Amino acid sequence: MPSLDSSRGRFKFADRHIAVFAHLLEKETPPAELHHSLGELQQIGLVGAEGELSPLLMEFLTTLARPLVMIQAEVTGQHGTLVHGVVVGQDAVYSHDAWPGDEESEYVPIEPKTLVWELARKVKLRRGEQDEQAFAGVTEITTTMGALDAVFAALESGESDDLDAAKATAVSALAAASDLADPELTALVDLTLSLDATWRVTTAWGDERAQAAGESVRSIAVWDCGPHGHWLRVQPEEPVQEGQVGPESTLRLVRSSAGEVWDKLADLLPDKAELVGTGASA
């Protein structure tokens, strides 16, 4: 069910509610499969009986309809993949967060100057000491995606809840599926076992031609390995297209820090010249 908090200008909408707004903005009648969603929006007073849009929605819908920059944060953890994001408009910026098990995302207006802070919050970027001794100087690991799949398969098929037994099974599977040797072999298994989440943040701006050519898209991918810190997944190189990665694709992880990841999040944002040069208006 959609909802709003007029005191803070925030909303909760599912994708199907956003689809209703898209039709109404074009002066179109939403199709039959969206009639229930339209009724929910009418029930809370955001849409009138004849499809009129509430003034409370104007800034929000204008931002969604005419974005300067779209930012998507895909975070995969214990509850599956959640998609968060930020939409930067000419006069407003809206952040949206998903929640495990909920259809609706919460949309909240934020100040443009807090963009990097907001991205860091979405991926739970945090400072903290890493366990340096656990990796015996390992700062980079290179193998294949197929080898990583073998590690996950071994962990998922394990019948024991014993961590040491699970680790031993995964080490054996990785050794059989790759050319890795210690200390990198054991380090990759340790990273996999300690994963809090993997995440990818992508920014896009400009016209469709510029985005298709890769001129106005930037992305980074990171493993959040809890006590073992943050590791950049530099290969497969982002942005990755569907079907582009297979078992033989190279997997390369590079140890990083919260400060470096912060800087890379900031570097995802285009400057004014980039916006103008790729067909966006700033």
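If you're wondering where the values come from, they're calculated on a predicted model, not measured in any experiment.

Caption draft 1: How the structure looks around helix 4 (residues 115-122). Most of helix 4 is tucked away, with six of its eight residues classed as buried. The complete set of buried residues in helix 4 reads L115, V116, E118, L119, A120 and K122. Among the structural elements, strand 3 (69-77), strand 4 (80-88), strand 5 (93-97), strand 6 (105-110) and helix 9 (258-267) are those in contact with the buried residues of helix 4. At the C-terminal side of helix 4, K124 shows a positive phi close to 55°.

Caption draft 2: Examining the packing of aromatic side chains more closely. As enumerated under the stated definition, the model contains eight aromatic pairs in all. Plain terms: the ring middles of F11 and F60 are 5.3 Å apart, the flat faces sit at 35° to each other, and that makes the pair tilted. Highlighted residues: F11 in strand 2 (residues 10-13) and F60 in helix 3 (residues 58-65), separated in sequence by 49 residues. We classify F11 as buried; its relative accessible area is 4%. Overall, F60 belongs to the buried group, its relative accessible area being 0%. Relative to Y107, the ring of F60 has its centre 5.2 Å away and its plane inclined at 75°; by these criteria the two rings are edge-to-face. Of this pair, F60 sits in helix 3 while Y107 is found in strand 6, placing the two residues 47 residues apart along the sequence. What links up through ring pairs into an aromatic cluster is the set F11, F13, F21, F60, Y94 and Y107.

Conventions we followed
- Residues numbered from 1 in each chain as written.
- Predicted model: local features only at pLDDT ≥ 70, side-chain atom pairs only at ≥ 80, totals over all residues.
- Heavy atoms only, no water.
- Buried < 20%, exposed > 50% of the residue type's maximum accessible area, 1.4 Å probe, protein only.
- Helix = DSSP H or I, 4+ residues; strand = E, 2+ residues; numbered from the N terminus.
- Contact = heavy atoms within 4.5 Å.
- Phe/Tyr/Trp six-rings, centres within 6.5 Å; stacked < 30°, edge-to-face > 60°.

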